[in-house]
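# Structural overview for review
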Amino acid sequence: MPAVACLLCLVMSTSTYAQSRTIRGTVLDENAKPVAGANITAQVTGTGTSADSLGNFTLSVSPDVTILSISAVGYTSQDVNITNRTTVSVTLVGTAQTLTDVVVLGYGTARKKDLTGSVSTISSKDLNPGPVTSPLQQIAGKAAGVNVVQIGSEPGSAPGVRIRGITSLVGGSDPLVVVDGIQGNMDLFRQVPPNEIESVDVLKDASATAIYGSRGAPGVIIITTKRSRSGRSTIEFNSVASADFIGKKLRMLNAGEWWQEAQKWNVPASENHASNTDWFDILTRDGFTQNHSIALGGGTKDFNYRASVAAVLQNGIVINSNFKNYIGRIQATQKALDGRLSVTMNLNGNVSNTLGSPGSVGRAAFTSNLISNAYVSRPADPVFNADSSYFTDPNVFQYINPYAVAQEVVNEGGSNNLFGSLRTDLEVVKGLTASWFGSWRKTDSYWGYYLPAKSTVSIAMDNKGLASVTNNRADERLMNISLEYKKMIRQHRVEVLGLYEYQTQVYQGNFAQAKGFINDITTYNALQNGDLSRVTPGDITSYKNDRNLVSFLGRLNYSLHDRYLLTASIRRDGSSVLGVNNKWGNFPSASVAWRISNESFMSGQHVFDQLKLRIGYGVTGNQQGLYPQNSTQLVGASGVTYFGGSQITNFLITQNANADLRWETRSQWNAGVDFAVLNNKLTGTLDLFKATTKNLLFNYTVPQPPYPYGSILANVGSLMNEGVELTLSYEMIRTKDLSVTLAGNGSLIRNKVIELSGSINGVPLNTNYVPWGNNAYLIKGMPIGTYNILQHESIDAAGVEKVVDQDKNGIIDQGNQSPDRIIAGSAVPKYTYAFTPSVSYKNIDFSMVWRGSGGNKIYNGLRGTLSRMENIGKSNVLYDAIPLGLFTSQYGSDLWLEDGGFIRFENFSIGYRIKSNLKNIEAFRVFATGNNLAVITKYKGIDPELNGAYGSAGDNGIYPRTRNVSVGFNVIFK
């Protein structure tokens, strides 16, 4: 019996051994460096593993497995035959060199080499690292023509972005944001965990953005989040923490200097309160930012999933300001019917809370944020009175104590957001795929504000406290159905897409305000405790509106001999918000490309490894400035009247009807060339474009009668943007242990207001000269935000400013169109640029981002306010105001107009990949990062990166821009 058992065990052991075999191998890149984390999957069975930090792997496979699939992010996948083999060595080729990257476009993808339009792609490995609070910070400086602007560092504030300039005046220039197919506005960035981004694709020219029709004019940013791969289960943890500090503050007078100068200007001793207060110092602190995330994922041949949670925690550098954002997401894909059916689900939610620093406070002559008020406050003023109450000066009109404002004002809000999507793809027959996609996004936000009397703000003291609550809700749903057919017929590749899409959006909200509180216990949480007799019109408002968008889309992609490429699309949109005469619009586009390097006559040359010419044209729309009921006549409450001895609400017409209201349309030409030379070491893209926006939305003054209301929203004007973009990348060194890459991009852009005047229903709308910020204007034939300003001449012995009398008539005319004004530049930058070198040596890597802009001017209004010695009795002044010697001025001259150009050391990062012999650790990297480390500029204000990218012109004070130094790590467990 024991002998039989032994024989049975031997047979079973032999059988088991025959059922599987072990494959060992190494995955390297073209420089013979290990590709850590590469995925190795056995075809047929779907079993798999991943390469360790040295690129080595071991995988047990069944006898019927003959092919292993090897893949890694940033590399071209490769299939390896393992018949009669137990060891393999695989070399993966980087996609950046083979130009086979997959680029996400509207409603589909394309190989990078097949692109016919202008698209910039930033992969996860190229995103800016560090304590990121918004995905936009990750792409700053990474794409030509994409200007990311961070105005201050207030917790929770997101950067702005402009793609190829300003595309509208009042219609909005924010790009459409698409996250895994879900379309939304800029708020959608807050719901994306920064560490979960796989790639960012920026659609820039109209031939690429026209696929989104009436929403594509300002450009499109498409974010693709990470997904797990079959045969691989991982847990990833990322953590980074940073110390934030103020990079620059204005040099103001201290108490001794202030009193010394005040006496020169005969300020009475009663204004010297014998204190020595650094208001800026007591209102600020070192900030602290954290970003943590954990993600887990895995899958088989037919199913994969990925889930993650993330936390972004930011303590601001102004006391009592912070931001907390918690994000969770889950994604799963299930395949069936032998892979012909695919169902993908995405669910994403975030909860954010903001404690904001009060803004728009101050005296009647100066209203700004808290920090700007700290500059204004006299250093000789104490913070507290002897009885511990906050100090105020009754001799100064509307005096405020900024420390009291910071401590006593409640200014907080929060939001709960959820979006989800479901996508099904069914291959009906070979080459024909039917798809259905649905998404649902819900947002719910609130903001509470309480201004107590002890804040020392005059309006609060006059009203015995003021509280308000704002609630906003949004419900956005989208559904599309499509058929896509792909066919390869000899040398012809054809892809045809037909799509129907329906989108509905419902917005609802309310606002309530109360005054006259007997105490501050409930703040804004019990408005009924206020004095109801103080309620005035406008204290209680609410709204609800909806909008619908219906679209039909057709697109053709065609390739002949893999050399001649064509993309053409047509989209027809119908919107409920438009006038009855213009409910529908058509948005066509077409682009062609010629891959010259694939021609037979190029086979003998040794200059170009890749060469492709592109040209395209398209028409897109913009509906950001249009809201429900904009085209209809509206009636609203307007005070009260007495009728029959009773008081009743009076109603008046508050908006004129416009049956011809339509989308703004933007037509754009683009010509480009993509090239690679020096054995693919030097790659680049050059684009030239010209875009014209027509049917510009603007509020025009109209006569009464025939119109019952004095203004109307109409489509009349036009503006133009044209420019050049260049992107270069040079692999200077590429060896087994060392690689050095120099990369950068730059863009030149010129914009011009073509027309502002026109007519509507035979009534002329003449307005070729419109104020656009401090001393900046919209002027026909000139750039947006053109400064037309009085010219500074001198400061006389009495400290009075003189300006140049341009027309020599002895009178200084300060009117908007005065002949005494001169053209003195524009608020909008003429060029932007970035330099992004990177180096890796064995397990060490580091990268830098330098970026800047120039050709624009900034009107430094804050400097002008803080430089007048006539104010020294009631406020502080700049140290530089002493040698300037300006006592008073009645002009806003070019004395305060400064060069807005700058170059910023945006990001520096150094990392080290730690080799681990532990079988459960796939990768481990530690890193240190610095952000906003230096700024080179002639601008005398806090920071030159203001809102010039938006066309606005002035600096009246911003929340300080911080610099930070951070450390962090990321680890992948398997």
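If you're wondering where the values come from, they're calculated on a predicted model, not measured in any experiment. (Residues numbered from 1 in each chain as written. Predicted model: local features only at pLDDT ≥ 70, side-chain atom pairs only at ≥ 80, totals over all residues. Heavy atoms only, no water.)

### What about the sheet that holds strand β42 (residues 786–790)?
As summarised here, the arrangement of the four strands in space is β40-β41-β42-β45, forming an open sheet in which the pairing is antiparallel. The open sheet has two edge strands, β40 (769–771) and β45 (821–826), and neither has a second partner. Each strand of the sheet is rotated relative to its neighbour by a mean of 40 degrees, with strand direction disregarded. Sheet analysis places strand β41 (residues 776–779) next to β42, joined by two bridges and oriented antiparallel. If you follow Ala776 over to β42, its bridge partner there is Tyr787. (Pairing = 2+ DSSP bridges. Helix = DSSP H or I, 4+ residues; strand = E, 2+ residues; numbered from the N terminus. Axes fitted to C-alpha atoms, helices over the stretch in contact; angles between N-to-C directions.)

### Looking at a nonpolar patch on the surface
A cluster of nonpolar side chains, contributed by Ile330, Met345, Leu347, Leu418, Leu422, Trp436 and Ile481, occupies part of the molecular surface with about 570 Å² of accessible area. Going through the elements one at a time, β21 (341–355) and β24 (410–429) are the ones with two or more residues in the nonpolar patch. Following the sequence through the fold, Trp436 ends up in strand β25 (residues 432–451). We classify Trp436 as partly exposed; its relative accessible area is 34%. (Patch = residues over 30% accessible without salt bridge, like charges linked within 9 Å, V, L, I, M, F, W, Y side chains within 5 Å. Areas by Shrake-Rupley, 256 points an atom, 1.4 Å probe, with all protein chains shown as cover. Salt bridge = Lys/Arg side-chain N within 4 Å of Asp/Glu carboxyl O. Buried < 20%, exposed > 50% of the residue type's maximum accessible area, 1.4 Å probe, protein only.)

### Observations regarding the side chain of Asn348
As for its position among the elements, Asn348 is in strand β21. Since its relative accessible area comes to 5%, Asn348 is described here as buried. A polar side-chain atom of Asn348 sits 2.8 Å from the main-chain carbonyl oxygen of Gln191. If near-sequence neighbours (up to four positions away) are discounted, Asn348 is found in contact with Gln191, Pro193, Ile327, Gly328, Arg329, Asn417, Leu418 and Phe419. (Polar contact = N/O pair within 3.5 Å; in protein donor to acceptor, adjacent residues only side chain to side chain. Contact = heavy atoms within 4.5 Å.)

### Quick word on the domain arrangement of the chain
Assigned domains within the chain: domain 1 (2–93), domain 2 (102–225) and domain 3 (236–357 + 359–408). Spacing between the C-alpha centres of domain 2 and domain 3 amounts to 26 Å. In this complex, domain 2 contributes 17 residues to the contact, which on the side of domain 3 involves 26 residues. Taken together, both faces of the contact between domain 2 and domain 3 bury some 1,700 Å²; the carbon and sulfur share is 53%. The largest share of the area that domain 2 buries against domain 3 comes from Pro155, Arg190 and Glu196, three residues that together contribute 32% of it. (Domains from an automatic or database assignment. Buried area = accessible area lost by both parts, 1.4 Å probe.)

### What to know about the confidence of the model for the chain
Low pLDDT marks regions whose predicted coordinates should not be analysed in detail. Mean pLDDT for the chain: 88, with 95% of residues reaching 70 or above. Model confidence for the chain, summarised as mean pLDDT per element, is weakest for helix α2 (residues 95–98) at 40 and strongest for strand β46 (residues 831–835) at 96. A low-confidence stretch, residues 95–100 (pLDDT under 50), is modelled with 17 contacts involving residues beyond four sequence positions or located in other chains. (pLDDT = per-residue confidence, 0-100.)

### Concerning the sheet that holds strand β3 (residues 48–50)
What the four strands build is an open sheet, ordered β3-β2-β5-β6; its pairing is antiparallel. Unpaired on one side and paired on the other, β3 and β6 (78–81) mark the two borders of the sheet. Neighbour-to-neighbour, the strand axes of the sheet open up by a mean angle of 20 degrees, direction not taken into account. Bridge count between strand β5 (residues 67–71) and β6: four bridges; the pairing is antiparallel. Opposite Ile70, over in β6, you have Gln78 as the bridge partner.

### With respect to empty space enclosed by the protein
Scanning the model with the defined rule gives eight cavities of 30 Å³ or more in all. Of the voids in this model, the largest cavity is the one considered here, and its volume is about 390 Å³. For the largest cavity, the lining is made up of 28 residues, of which Pro131, Gln137, Gln150, Asn931 and Asn964 are closest to its centre. Counting residues per element, the ones that place at least two in the lining of the largest cavity are β11 (146–149), β17 (234–246), β51 (902–913), β52 (921–937) and β53 (962–973). When grouped by side-chain class, the residues that make up the lining of the largest cavity number seven nonpolar, 16 polar and five charged. A domain-level breakdown of the lining of the largest cavity finds at least three residues from each of domain 2 (102–225) and domain 3 (236–357 + 359–408). (1 Å grid on protein atoms, 1.4 Å probe; cavity = no way out; pocket = protein on both sides within 12 Å on 5 of 7 lines; lining within 4 Å. Points joined across faces, edges and corners; volume = space filled by probe spheres on them. Nonpolar A, V, L, I, M, F, W, Y, C, P; charged D, E, K, R; others polar.)

### Concerning the packing of aromatic side chains
On inspection of all chains with the given rule, the structure shows 21 aromatic pairs. Relative to Trp663, the ring of Phe587 lies with its centre 5.6 Å away and its plane at 70 degrees, an arrangement referred to as edge-to-face. A residue pair is termed long-range when its members are at least 10 positions apart, and Phe587 in strand β30 (residues 584–595) and Trp663 in the loop between β33 (646–655) and β34 (664–677) qualify at 76 residues. By relative accessible area, which is 2% here, Phe587 ends up buried. Note on Trp663: relative accessible area 3%, which makes it buried. Between Tyr617 and Trp669, the aromatic rings sit 4.7 Å apart at their centres with planes inclined by 40 degrees, giving tilted as the arrangement. Remark: Trp669 occurs in strand β34 and Tyr617 occurs in strand β31 (residues 608–622); sequence separation between them is 52 residues. Its relative accessible area of 51% is what places Trp669 among the exposed residues. For Arg251, the ring lying beneath its charged end belongs to Tyr879, and the centroid distance is 4.2 Å. (Phe/Tyr/Trp six-rings, centres within 6.5 Å; stacked < 30°, edge-to-face > 60°. Lys NZ or Arg CZ within 6 Å of the ring centre and 35° of its normal.)

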